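These are the residues of each chain, in order.
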Amino acid sequence: MAQSAIGKNDNATISKLIPFITTVLLYFSLIEHTDRSSTPSTVLKCMPIFSLLFFVMLTTSKNAATKQYQQRIMYGLLFSSVGDFLLNYDLFEAGMGAFGIAQVFYISAFGMKPLKLWIGVTLYLLGVMAIAVFFGNLNSIIKVCLPFYAILLLTMCWRSLARIEGSHNYSRLVCGIASILFVISDGIIAFDKFFTPIQAAQTYIMVTYYLAQVGITLSVNDVQLNEPTGSIKPTERRNKRTGTKSY
């Protein structure tokens, strides 16, 4: 019966992903035939994220904490779509601000437990080294905004990765990989824009970006998202309820 329920959940997830898969295929098939900063290109770019918004809206839960998690992921996707819109019209600073808000919602969803500080420190050090490469090429506004956004992005990645440390949860693993892809996507944007042009950069950016967003979105199906990684074992939980000590 349990395997049957899992199978039904997997089928439901695949069904709800059909709009995302369809719109991503449409984007890569038609985007070259549209002009940047035009309505058609903007619609094509934003449609996959809108489809993920509907995915979250169609994912129901009776648990209050789970609903809160799903809501924060949904707001993250919403502000991501705003960021996509702004970036498509070359409003880079405003777009970065919208994505910064999206990262705040993702961080809020992932939480700060378990801490796993070493992951954050490692990511921040790598971020400092990366930004140092092209920092001299930034204008005065970007010199302030980009490091601040990088902190939010890397914090999001840290909190996502911390949740899978020592966990066998598939949803958390996918979400962790997705957070790394998000960093890679934004990293390609930064290096292409501020350091040296990268051939086929837009393709690499959007492939990693869409994979990142769908990976994060799928975390709303995490049945253990209310339990911190490394939570107490079932026997310890049972002993705690009965008042029995473990030796």
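Conventions and cut-offs
- Residues numbered from 1 in each chain as written.
- Predicted model: local features only at pLDDT ≥ 70, side-chain atom pairs only at ≥ 80, totals over all residues.
- Heavy atoms only, no water.
- Helix = DSSP H or I, 4+ residues; strand = E, 2+ residues; numbered from the N terminus.
- Buried < 20%, exposed > 50% of the residue type's maximum accessible area, 1.4 Å probe, protein only.
- Contact = heavy atoms within 4.5 Å.
- Areas by Shrake-Rupley, 256 points an atom, 1.4 Å probe, with all protein chains shown as cover.
- Axes fitted to C-alpha atoms, helices over the stretch in contact; angles between N-to-C directions.
- Parallel < 35°, antiparallel > 145°, perpendicular 65-115°, else oblique.
- Left-handed = near helix turned anticlockwise from the far one by under 90°.
- Nonpolar A, V, L, I, M, F, W, Y, C, P; charged D, E, K, R; others polar.
- Salt bridge = Lys/Arg side-chain N within 4 Å of Asp/Glu carboxyl O.
- Phe/Tyr/Trp six-rings, centres within 6.5 Å; stacked < 30°, edge-to-face > 60°.
- Patch = residues over 30% accessible without salt bridge, like charges linked within 9 Å, V, L, I, M, F, W, Y side chains within 5 Å.

**A look at the overall build of the protein**
Assigned secondary structure in the protein consists of nine helices and zero strands. The order of helices and strands in the protein, counted from the N terminus, is α-α-α-α-α-α-α-α-α. The buried share of the protein, reckoned over its 247 residues, is 42%. When contacts within the protein are restricted to residue pairs at least 6 apart in sequence, those whose partners lie at least 24 apart make up 77%. Total accessible area on the protein is roughly 13,800 Å²; 67% of this is exposed by carbon and sulfur atoms.

**Brief notes about the environment of N221**
Locating N221 in the fold gives a position in the loop between helix 8 (201-218) and helix 9 (234-242). With relative accessibility at 26%, the residue N221 sits in the partly exposed group. The spatial distance from the C-alpha of N221 to the C-alpha of T66 is 9.3 Å, given a sequence separation of 155 residues. Each residue touching N221, except ones within four places of it in the same chain, is listed here: T13, F55, T59 and S171.

**With respect to the packing of helix 4 (residues 92-110) against helix 6 (residues 140-162)**
Across the interface, helix 4 lies against helix 6 with an axial gap of 9 Å and an inter-helix angle of 25°. Here helix 4 is positioned roughly parallel relative to helix 6, judged by the angle of their axes. As for the relative orientation of helix 4 and helix 6, their crossing is left-handed in sense. Residue-level inspection shows F92, E93, M96, F99, G100, Q103, V104, Y106, I107 and F110 of helix 4 in contact with helix 6, the latter providing I141, I142, C145, L146, Y149, L152, L153, T155, M156, R159 and S160. Its residues assigned to classes, the contact of helix 4 with helix 6 shows 15 nonpolar, four polar and two charged.

**Notes on the pattern of salt bridges**
If you walk through the whole model with that rule in mind, you get three salt bridges. The partner of D90 in a salt bridge is R36, with the nearest N and O atoms 3.0 Å apart. Placement of the pair is D90 in the loop between helix 3 (64-88) and helix 4 and R36 in the loop between helix 1 (2-30) and helix 2 (39-58), with a sequence separation of 54 residues. One salt-bridge network, in which partners are shared between bridges, spans R163, R172 and D222.

**Re the packing of aromatic side chains**
The description of an aromatic ring pair rests on the distance of the ring centres and on the angle between the ring planes. Scanning the entire structure with this criterion turns up 18 aromatic pairs. For the ring pair F79 and F105, a centre distance of 5.8 Å and an interplane angle of 20° mean the geometry is stacked. Remark: F105 occurs in helix 4 and F79 occurs in helix 3; sequence separation between them is 26 residues. Here F79 falls in the partly exposed class, since its relative accessible area comes to 26%. Taken together, the ring pairs connect F20, Y27, F28, F99, F182, Y209 and Y210 into an aromatic cluster.

**Structural notes on a nonpolar patch on the surface**
Taken together, the side chains of M112, L115, L117, V121, L125, L126 and M129 present a nonpolar region at the surface, about 660 Å² in accessible area. Within the fold, V121 resides in helix 5 (residues 117-134).

**Some details on unusual backbone geometry**
For the peptide bond that leads from K113 to P114, omega is -5°, which places it in the cis range. Within the secondary structure, P114 is located in the loop between helix 4 and helix 5. Unusually for a residue other than glycine, D90 sits at a positive phi of about 60°. Even without being glycine, K116 reaches a positive phi, approximately 50°. Considering the arrangement of structural elements, one finds K116 in the loop between helix 4 and helix 5.

**Let's talk about the environment of L26**
Examined against the element boundaries, L26 turns out to sit in helix 1. Sequence-distant contacts of L26, that is, excluding residues within four places in its chain, are made with I31, L44 and M47.

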